[in-house]
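Coordinate inspection notes
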Amino acid sequence: MAVSARPIAPAASLSTRSAPVVRIQVTVNGSPISAEVEPRTLLVHFLREVVGLTGTHIGCDTSHCGACTVHLDGKPVKSCTVLAVQANGRQVRTVEGLEVDGKLSAVQEAFVEAHGLQCGFCTPGMMMTATALLARNPNPTEPEVRDAIRGNLCRCTGYVNIVKAIQLAGKKMQANPTGPGGSP
Amino acid sequence: MSAEAPHVKGGLGQSILRKEDARFIRGKGNYVDDIKLPGMLYLDITRSPYAHAKITAIRTEKALKVPGVLAVITGKDLAAANLAWMPTLMSDKQMVLPTDTVMYQAQEVAAVVADSRYAAADGAAAVEVDYEPLPVVTNPFKALEPGAPVIRTDRKEQSNHIWHWETGDKAGTEEAFRSAEVVVGQDLYIPRIHVSSMETCGCIAHMDSVSGRFTIYMTTQAPHAIRTVYALVTGLPEQNIRVVSPDIGGGFGGKVPVYPGYVLASVASIKTGHPVKWVEDRSENLQADSFARDYHIHAEVAARKDGTVTALKVKTLADHGYTDAAANPSKFPAGLFHIITGSYPFAKAFVEVDAAYTNKPPGGIAYRCSFRVTEAVYTIERMMDILAHRLKVDPAELRLKNFIPPDAFPYKSALGWTYDSGNYAGALKKAMEIIDYAGLRREQAEKRRRGELMGIGISSFTEIVGAGPSHTFDILGLKMFDSAEVRIHPTGKVIARFGTKSQGQGHETTYAQILAEELGIPADDIRVEEGDTDTAPYGLGTYASRSTPTAGAAASMAARKIREKAKKIAAHLLEVSPDDIEWKDYAFRVKGVPTKSKTMQDVAFAAYTNHPQGTEAGLEAVDYYDPPNMTYPFGSYICVVDIDKETGQVKVRRFVAVDDCGTIINPMIVDGQIHGGLTMGFAPALLEEIQYDENGNIHGGSFMEYLVPTAVETPHWETAKTVTPSPHHPIGAKGVGESATVGAPPAIANAVVDALQPYGVEHIDIPIHPWKVWQIIHAGAPKTG
Amino acid sequence: MIPPAFEYYAPHSVDEAVALLRRFNGEAKVLAGGHSLIPLMKLRLAEPAALIDINRIPNLSFIQEEGTHLRIGATTRTNDLLDSELLRRSYPILPDAAQEIADPLVRNLGTVGGNVCHGDPGNDLPACMLALGAELVTVGPKGSRTLPVSDFYKDTFVTALDPTELLVEVRVPKARARQGSAYQKIEKRVGDFAIAGAAANLLLDASGRVETAGIALTGVGPTAILASAASGALVGQSPDDQHLGHAATLAGTAADPNSDLRGPAEYKRAMASVLTRRALDRALARARGGG
Ligand SMILES: Cc1cc2nc3c(=O)[nH]c(=O)nc-3n(C[C@H](O)[C@H](O)[C@H](O)COP(=O)(O)OP(=O)(O)OC[C@H]3O[C@@H](n4cnc5c(N)ncnc54)[C@H](O)[C@@H]3O)c2cc1C
Ligand code: FES
Ligand code: FES
């Protein structure tokens, strides 16, 4: 094994120590987070490794799978294709931000009730996309749901129950707009 | 279930919600990349751009200068520790890192260890390697031609031929073909595909040099087998090895093998004393992890004029890539391919398979199926349609005429399998009724008159799952039993541990349901754990739909052992003889006086507070279940497609799946498994494939080109069931995770070929891309008739 | 996959952005939606020394009619095309195309400017802009210029844009009465780049004949292709089955496809014709006041 002359010790953060860093402040699930990052730091790595929120997953390297979906200023985006610096001064919401004051969101409840998940790996991204869809359209048709989640791949469920879960969540929201799970 | 019928909360047959979901919907799953250990380092891999080349130099200086890079590992380093090669399950060997020759594009060439993920990536990009390209062979037929460049020069055979395997009655089959009234034959190629679980593979290896404890968190479907293999290969004492399989983001067979990355992270941790994380990218996953299929099949069916099938003959060339690393624990090199007689009573059959090396990564893992069962089912179900076409009979009619009848079970097939139970006509008739088969045929006739293309395809598959009986199945000698350890606490709550490992199948829920049923304890009170070799009983893991047939059976058997003991305690509590006690309606009852009873919870408390003299305290049992036979799930699928004549695009309009997996533990979960399986059957039928050009360059090596279905083209699956319990499984269950992946592709292919009947085609190789359909349509004017 | 290191700037004005581009003299890249650029950087196929993030420049995101033109700002998101009432009503080809691009998540960030500037023959908006006869407004160290899209695409990933220039807006001649446009695309899987795509834009005169026409193709050549012969053959003609069919055939002739995983060249060429015909039919229906 060829070894470098440096002592072996892990870095303090994601970045290599000598690279230039920029300070950013991002509001994540309502809490302001301030950190120094390399410009190339991807938002998904910032969330997972700097902020420590590992619910946002990485399923690909070509921006296809949507496992990394978060809301950036309210819109669902693929956080593997956004630089952390681009989120500077902005609002990010992750799957960890869906449950508010110990109450699951309608989407979270519905995913369990309709068996909309199996291995759970696509689930956070899927739920973030669903949440954004229902905020715009609380009563989507099946084709509308399917089109809305076309950027979120699931290998386990065959989508049938995901579609059901999203439609169920919409109904829950309409039935009880302020109650538990009332928000998307 | 009627409200009156006695039942236990969460028992068999109930669609209870999943216990595991609570963490997943909160983003609190614990997948391998979520784990962060103090002092953890990162490993990244430099890979070969060539499919076949001599490595003339590896220069690490630049990489070592990258800030944060700590070490570079090459094949030479591993060779010094005798770790450059590792054994495969098929008595072949596989490189961890090459010392001199790379044999496929994207093969690992060097590993870079750094203090951050980003530095490791920079380091891997900075390793300089000089290659001298060698001639490339990617076509297995060419690989076997005389004079083809030998890929595995390390083998004494000096040939690309790996093995020949045959089974069945060769002479009898030939004879049956000679006297056959009708013979149909077809070449079928089933291309390479990749499981592409949404989570890629990865691990964190940690050698604690002080305690000598080696812990590896690993995306593996078979943690115990890995522990033993590690012990055998590295010489580390097995009690010091702990394999933890945390939450797994889908496996489907792709997380059975040991990949070089795992070994490299282990070596790096042993060398540095730090935990080392390796998590592959999607592209690495698609380009270098084991593949499925790649079978070139020639099949022939002999039949009588009335359509009765008589004999089957199959000759296959299997492309294994540069090593036979098939994840196949059977004693048959082509796995369970000889289930190929399917749902039909062929009197004679003969199957032969040859395997070849090519300049591709290892093939031969499953893709959500038992070993080579998909290849078998696809072949026979396509052949049945070709026969129907040739005889001008309806494919449903041909199947109904031929099915093995329900009273023939247990049925011994011509190739030696003993099918446990089945009612094939029942499933097909149910599917035909749901989809209105007759109505569809009328609609099709109408459309054909108008020149529109609509097709109906059937697949009536027989699966073989639940590996398996120890006489036939082992992993490097480890027999393929599985295990359950069940412990009832004083308050009547249960912890149960298993040798399997869920990757999304919902074991935490379904095993609890089996135990609830057997113990009369609500499923909510039962905690299920898997995946930590320090705590779980020894088992062979989860793949090939084996969990329910093996560990699920072990759960029942362990619970029944507990009941035996509990009965004595109940008798003690009820002050009667154990012979006067029966287990009925989820309680121990005095025979004839059913109101005098004790629940399992009563007994559990007594087992710790008031156990009878001469009986041990406590209430627990372990069972290692070695199944007497495989289970044989089956079903009939019917698919309807519409084809756009101008573009060749195929749209699946309807798909009805009638499955029979024996006793159903949780209907909601079973349906979910079938939906997912159907989608993974749909995918290779219409979208997914990995190709290599003549230089060995991969096409389909990222999600840009490897087209996993989205929600838009995935059909709205319609499911239904028949229930034919397995006679030898304790609760009659058969395993269901893969039936649909196996059954779906021929239904879709048959539907497309059926739609194209006016053009006289009998076969199109999958995946059926629009251009293939367009070429057929535009090759010539439609024939009449 | 991790992008290589780079310097990052987020200017707040076009001038500042152009000054930065000039400073890096070809070594910097504009970062708009990032959904073509960042994937390339992750694959280390692009290794710019600096990224000039134009997302914080105010007033670069808009869709509005002004005078003789429709103006679309460079950082207008792809999804904004779908949501715009104005476009749905008068320029339906753009929502048609937007709906076919990638998926809703990508479209929330991907921009019109990026789609037009990237130079990938698989991008869907270039053909639309060609069919619409659009112009590009750029600002560079030497000031602003306006160039027709038909002069823009030189080769795969090669455009007339200087690396020190910024695209600020796309201008489309204002839609008129009796005008209709449409985009048609087929792909192997939804959201994938096109097997082939066709853009059509028809203006009818009072008698119902074709006054002007624009036809362009996606994914069947080294760049988006303007099928001038096809559109030329329609001008002055009645848009009947025969003429539309002839134009579609000519569009197929204009295609210059490669064989690849999406299909053999002959298939793609045929699809260019089929889709051109479908786009023309749709555009015609719209020009006549239908959907
Ligand atoms: C999974 C996936 C699927 C996709 N499918 C499709 C599809 O089907 N059809 C399709 O059309 N596209 C598709 N795309 C590409 C997507 O639409 C991109 O968003 C688009 O190509 C580029 O726009 P952008 O704003 O993201 O540009 P960026 O990635 O930011 O930039 C692209 C290039 O243009 C340059 N550039 C950007 N803006 C300017 C400007 N204002 N002035 C000068 N130069 C500029 C950049 O420097 C860079 O070279 C897909 C992308 C992904 C990730
Ligand atoms: S990780 Fe796959 S799209 Fe972001
Ligand atoms: S639940 Fe496993 S990928 Fe969707």
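Fair warning: this is a prediction, and the values are worked out from it, not measured in the lab.

The subject of this paragraph is the overall build of chain B. On a plain count of helices and strands, chain B comes out with 19 helices and 34 strands. Over its C-alpha atoms, taken along the principal directions, chain B stretches across nearly 85 × 75 × 50 Å. Here chain B holds 785 residues, and the buried ones make up 68% of them. Of all intrachain contacts in chain B linking residues separated by at least 6 positions in sequence, the fraction that spans at least 24 positions is 80%. When the accessible area of chain B is evaluated, it comes to approximately 25,100 Å², of which 52% is carbon and sulfur surface. Each charge sign in chain B was given a centre, from 79 positive and 93 negative side chains, and these centres are 2 Å apart.

Bringing the pattern of salt bridges into the picture now. Working definition: two side chains of opposite charge can pair if their charged atoms are close together. All chains considered together, the criterion is met by 87 salt bridges over all chains. We note a salt bridge from Glu375(B) to Arg293(B), for which the minimum N-O separation is 3.9 Å. Here Glu375(B) is found in helix α10 (residues 373-391), whereas its partner Arg293(B) is found in the loop between α9 (282-288) and β15 (295-303), with 82 residues between them in sequence. We note that Glu375(B), like Arg293(B), is buried. Note that Asp623(B) is salt-bridged to Lys561(B), the shortest N-O span being 2.9 Å. Of this pair, Asp623(B) sits in strand β29 (residues 620-625) while Lys561(B) sits in helix α15 (residues 548-574); the two residues are 62 residues apart in sequence, bridging distant segments of the chain. Relative accessible area serves as the criterion here: at 7%, Asp623(B) is assigned to the buried category. Through salt bridges that share partners, Arg48(A), Glu49(A), Asp33(B), Asp34(B), Arg117(B) and Lys277(B) make up one connected network.

Residue and element names in this part refer to chain A. According to the domain assignment, chain A contains domain 1 (3-12 + 19-94) and domain 2 (106-174). Each of domain 1 and domain 2 has a C-alpha centre, and the two are 24 Å apart. Counting residues at the interface gives 15 residues for domain 1, matched by eleven residues for domain 2. Roughly 970 Å² is buried in total at the junction of domain 1 and domain 2, and carbon and sulfur atoms are behind 64% of that figure. Ranking the residues of domain 1 by area buried against domain 2 places His57, Thr69 and His71 at the top, with a combined share of 39%. Our count for the contact surface shared by domain 1 and domain 2 stands at zero salt bridges. Summed over the shared surface of domain 1 and domain 2, the number is six residue pairs in polar contact (both at pLDDT 80 or more).

Before going further, it helps to spend a moment on the sheet that holds strand β3 (residues 31-37) of chain A. All names here are of chain A. Here we have five strands laid out as an open sheet, ordered β3-β2-β6-β4-β5, and mixed in their pairing. Each edge of the open sheet is held by one strand with a lone partner, namely β3 and β5 (75-78). Adjacent strand axes in the sheet meet at a mean angle of 40° when their direction is disregarded. Note that strand β2 (residues 22-28) and strand β6 (residues 91-93) share two bridges and pair parallel. Bridge pairing in β6 links Thr27 to Gln91. Lying on the sheet, helix α1 (residues 43-50) is in contact with β2, β3, β4 (69-72) and β6; it crosses β3 at an angle near 105°. Across the sheet, helix α3 (residues 123-136) touches β4, β5 and β6, and the angle it forms with β4 is around 40°.

Residue and element names in this part refer to chain C. Relative to strand β5 (residues 69-73), strand β4 (residues 63-66) runs antiparallel, the two being bridged by four bridges. For Ile63, the partnering residue across the bridge sits in β5 and is Ile72. Joining the antiparallel neighbours β4 and β5 is a turn of two residues, in which Gly67 adopts a positive phi near 60°.

Turning our eyes to something else, we now look at the interface of chain A and chain B. Facing the 64 residues of chain A at the interface are 76 residues of chain B. The junction of chain A with chain B conceals about 5,700 Å² of combined surface from both sides, 58% of it contributed by carbon and sulfur atoms. Across the pair Arg48(A) and Asp34(B) runs a salt bridge, and its minimum N-O distance is 2.8 Å. Linking chain A to chain B there are 26 residue pairs in polar contact (both at pLDDT 80 or more). For the side of chain A that touches chain B, the elements supplying multiple residues, two or more each, are β1 (2-3), α1, α2 (106-113), α3, α4 (142-148) and α5 (160-175) of chain A.

This part is about the pairing of strand β2 (residues 28-31) of chain C. Both faces of the sheet carry side chains from a regular strand, because those side chains alternate between them. Residue and element names in this part refer to chain C. The pairing of β2 with strand β3 (residues 50-53) spans four bridges and is parallel. The residue bridging Leu31 from the neighbouring strand is Asp53, located in β3. In this region the chain leaves β2, passes through helix α2 (residues 37-42) and returns to the parallel neighbour β3; the handedness of that crossover is right-handed.

Right, let's talk about α1(A) for a bit. Counted residue by residue, α1(A) has seven buried out of eight residues, so it is predominantly covered. When we look at burial in α1(A), the residues that qualify are Leu43(A), Val44(A), His45(A), Phe46(A), Leu47(A), Arg48(A) and Glu49(A). Elements in contact with the buried residues of α1(A): β2, β3, β4 and β6 of chain A together with β1 (41-47) and α4 (117-126) of chain B.

A word on the site of ligand 1. For ligand 1, the set of nearby residues contains 34 residues, the closest of which are Val30(C), Gly34(C), Ser36(C), Thr111(C) and Asp124(C). Among the chains of the assembly, those with residues near ligand 1 are chains A and C. Lys29(C) places a polar side-chain atom, nitrogen or oxygen, 3.3 Å from an oxygen atom of ligand 1. Here a nitrogen atom of ligand 1 sits 2.9 Å away from a polar atom, N or O, in the main chain of Leu167(C). For ligand 1, the protein covers 96% of the area, taking 960 Å² as the surface of the free molecule. Listing elements by their share of the shell around ligand 1, those giving two or more residues are β2, α7 (112-117) and β10 (166-173) of chain C. No other element matches the four residues that α7(C) contributes to the shell around ligand 1. Its residues assigned to classes, the shell around ligand 1 comprises 14 nonpolar, 14 polar and six charged.

Basis of the calculations
- Residues numbered from 1 in each chain as written.
- Chains lettered and ligands numbered in written order.
- Predicted model: local features only at pLDDT ≥ 70, side-chain atom pairs only at ≥ 80, totals over all residues.
- Heavy atoms only, no water.
- Helix = DSSP H or I, 4+ residues; strand = E, 2+ residues; numbered from the N terminus.
- Buried < 20%, exposed > 50% of the residue type's maximum accessible area, 1.4 Å probe, protein only.
- Contact = heavy atoms within 4.5 Å.
- Areas by Shrake-Rupley, 256 points an atom, 1.4 Å probe, with all protein chains shown as cover.
- Lys, Arg positive; Asp, Glu negative; His and termini not counted.
- Charge placed at Lys NZ, Arg CZ, Asp CG, Glu CD.
- Salt bridge = Lys/Arg side-chain N within 4 Å of Asp/Glu carboxyl O.
- Domains from an automatic or database assignment.
- Buried area = accessible area lost by both parts, 1.4 Å probe.
- Polar contact = N/O pair within 3.5 Å; in protein donor to acceptor, adjacent residues only side chain to side chain.
- Pairing = 2+ DSSP bridges.
- Axes fitted to C-alpha atoms, helices over the stretch in contact; angles between N-to-C directions.
- Right-handed = clockwise from strand over helix to strand, strands pointing away.
- Near = heavy atom within 4 Å.
- Nonpolar A, V, L, I, M, F, W, Y, C, P; charged D, E, K, R; others polar.

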